[in-house]
Amino acid sequence: MHGYCVISMNLDYLNLDWNILIIDDSKLNRAIIKKTLSELNMKVDEAVDGIEGLNALQKKKYDLILVDIIMPKLDGFGFLSKFRDLIGNNFVPVILMTGSDDLNSKIKGLRIGADDFLIKPLNEKELVARVLSLLRLKSVHNELYEKNLQLKKELEIAKRIQQFIIPKDFSQILYPCVSGHYHPIEDIGGDFFDCYPLPDGNYGFLIADVTGHGIPAALVMSMAKMIFSIYATRYNSTRELFMSVNEQMNGLMLDTQYITAFFVIYDNKTKTIKYTNAGHTRALYYRSASKKVLALDTSGFFIGLSQESNYEEKSLPIEPGDRLVLYTDGITEIKNSQGEEFGENKLAKFMVHNLNIMGDNFCNLLFEEIISYAPHENRVDDIAFLNIEF
């Protein structure tokens with residue numbers, strides 16, 4: 001038995017109803033093209049010059065256009081320069097027909113929107129081959145376009161779900177006063193924060209960042225948020241919580257994925273905070289009495305990379321008028337047009353200069369400061385932060 005290779009090709013596009021427009025002042029050329037393509041069950045309309053062709057496009061949608069270069073009133077180049085405005089973002093391939101194999105004409109045609117060329121006198125086999133090739137390309141384009149629309153709809157749904165699971169209303173927390181802001185760089189992202197009511201009137205505050213962007217980061221974010229929600233109320237120790245969450249997340253992510261996180265427990269009885277950092281950006285704490293900003297940090301590795309990870313826990317007494325800001329690196333690593341990062345120092349100075357701005361007003365002002373610092377194209381990461389006022 002002889003070995004052979006079968007190459008499969010989707011030929012569904014041959015069974016579709018294609019509308020073709022021929023624009024040529026030569027009646028003979030139009031007749032040849034119409035007869036050849038009609039035999040392939042294509043519907044063919046005719047126009048004698050570029051102006052007639054543009055008028056036809058205003059009345060009907062076409063799947064492919066064959067246009068002669070040299071015509072009275074409006075030639076092929078003139079038609080090309082105008083027809084893109086009529087079809088908008090739709091993909092309608094164009095074959096330019098010319099009586100000479102002039103390289104400059106081909107280059108000019110391709111620059112202003114042609115997709116292929118045919119040399120006159122026309123060869124019927126070449127005509128069919130080039131038309132079918134572009135219709136196959138259009139069929140694939142249409143399929144990808146529909147799938148892209150469906151993907152956009154699904155991403156919009158995912159965006160709404162993610163916005164729902166990231167808290168916006170912190171009014172159930174009477175003390176401390178909490179506000180926050182979340183702005184993903186794409187429709188959905190991997191940054192998140194949350195607040196947890198704990199026993200004895202205590203509260204837990206989390207901010208975290210999953211590596212990457214888009215759908216993979218958002219899926220891991222959803223898993224991590226669920227696991228934190230389950231385990232946050234079981235521990236009165238930030239260190240023990242991170243050890244438990246790390247054990248649960250290990251093996252649930254891709255090899256290139258991990259989570260950075262910062263967790264704070266406010267102890268209502270002792271008026272202190274306990275905190276642990278798992279490779280995240282340092283939290284900034286404004287001490288009202290000294291009018292200084294402290295950078296809070298502990299030793300600890302990323303979550304989810306290693307089964308055996310150890311974390312440090314520290315504590316700090318709080319005083320009325322103090323402020324704690326938890327944030328992701330999308331703030332400090334954002335760059336201005338000169339390539340300079342916003343940085344931890346600018347964030348600390350912002351806290352000092354706006355110490356009398358509270359709640360949502362503080363969050364809105366900080367977000368405006370960040371986006372005014374860097375042009376849109378320089379924003380490459382999600383932005384998330386929690387503002388906790390004591």
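This is a predicted model, so every value here is computed, not measured.

1. Some points on the overall build of the protein chain
Across its full length, the protein chain carries 10 helices and 15 strands. Relative to the globule expectation of 21 Å for 390 residues, the C-alpha radius of gyration of the protein chain, 31 Å, shows a markedly less compact shape. Every one of the 390 residues in the protein chain was classed for burial, and the buried ones make up 47%. Within the protein chain, counting contacts between residues at least 6 apart in sequence, those at least 24 apart form 68% of the total. Of the roughly 20,400 Å² of accessible surface on the protein chain, a fraction of 53% belongs to carbon and sulfur atoms. Counting 41 positive and 52 negative side-chain charges, the protein chain places the averaged centre of each group 4 Å from the other.

2. A few points about the sheet that holds strand E7 (residues 191-197)
Across the sheet, which stays open at both edges, the five strands sit in the order E7-E8-E9-E10-E13 with antiparallel pairing between neighbours. Only two strands of the sheet have a single partner each, and these edge strands are E7 and strand E13 (314-317). Strand after strand, the sheet turns through a mean of 15° between neighbouring axes, direction not considered. Strand contacts of helix H6 (residues 214-231): E7, strand E8 (203-210) and strand E9 (259-267), with the helix running at about 15° to E7, the strand carrying the most contacts.

3. Remarks on the pattern of salt bridges
One pass over the structure, following the stated rule, counts 15 salt bridges. Between Lys-35 and Glu-39 there is a salt bridge; the shortest N-O distance is 2.9 Å. By the burial criterion, Lys-35 is exposed, and Glu-39 matches it. Linking Lys-120 and Asp-68 is a salt bridge whose minimum nitrogen-to-oxygen distance equals 3.1 Å. Of the two residues, Lys-120 is situated in the loop between strand E5 (116-119) and helix H5 (124-165) and Asp-68 in strand E3 (residues 64-68); the sequence distance between them amounts to 52 residues. Given the relative accessible area of 18%, Lys-120 is considered buried.

Reading the values: the criteria
- Residues numbered from 1 in each chain as written.
- Predicted model: local features only at pLDDT ≥ 70, side-chain atom pairs only at ≥ 80, totals over all residues.
- Heavy atoms only, no water.
- Helix = DSSP H or I, 4+ residues; strand = E, 2+ residues; numbered from the N terminus.
- Rg over C-alpha atoms; globule rule 2.2 N^0.38 Å.
- Buried < 20%, exposed > 50% of the residue type's maximum accessible area, 1.4 Å probe, protein only.
- Contact = heavy atoms within 4.5 Å.
- Areas by Shrake-Rupley, 256 points an atom, 1.4 Å probe, with all protein chains shown as cover.
- Lys, Arg positive; Asp, Glu negative; His and termini not counted.
- Charge placed at Lys NZ, Arg CZ, Asp CG, Glu CD.
- Pairing = 2+ DSSP bridges.
- Axes fitted to C-alpha atoms, helices over the stretch in contact; angles between N-to-C directions.
- Salt bridge = Lys/Arg side-chain N within 4 Å of Asp/Glu carboxyl O.

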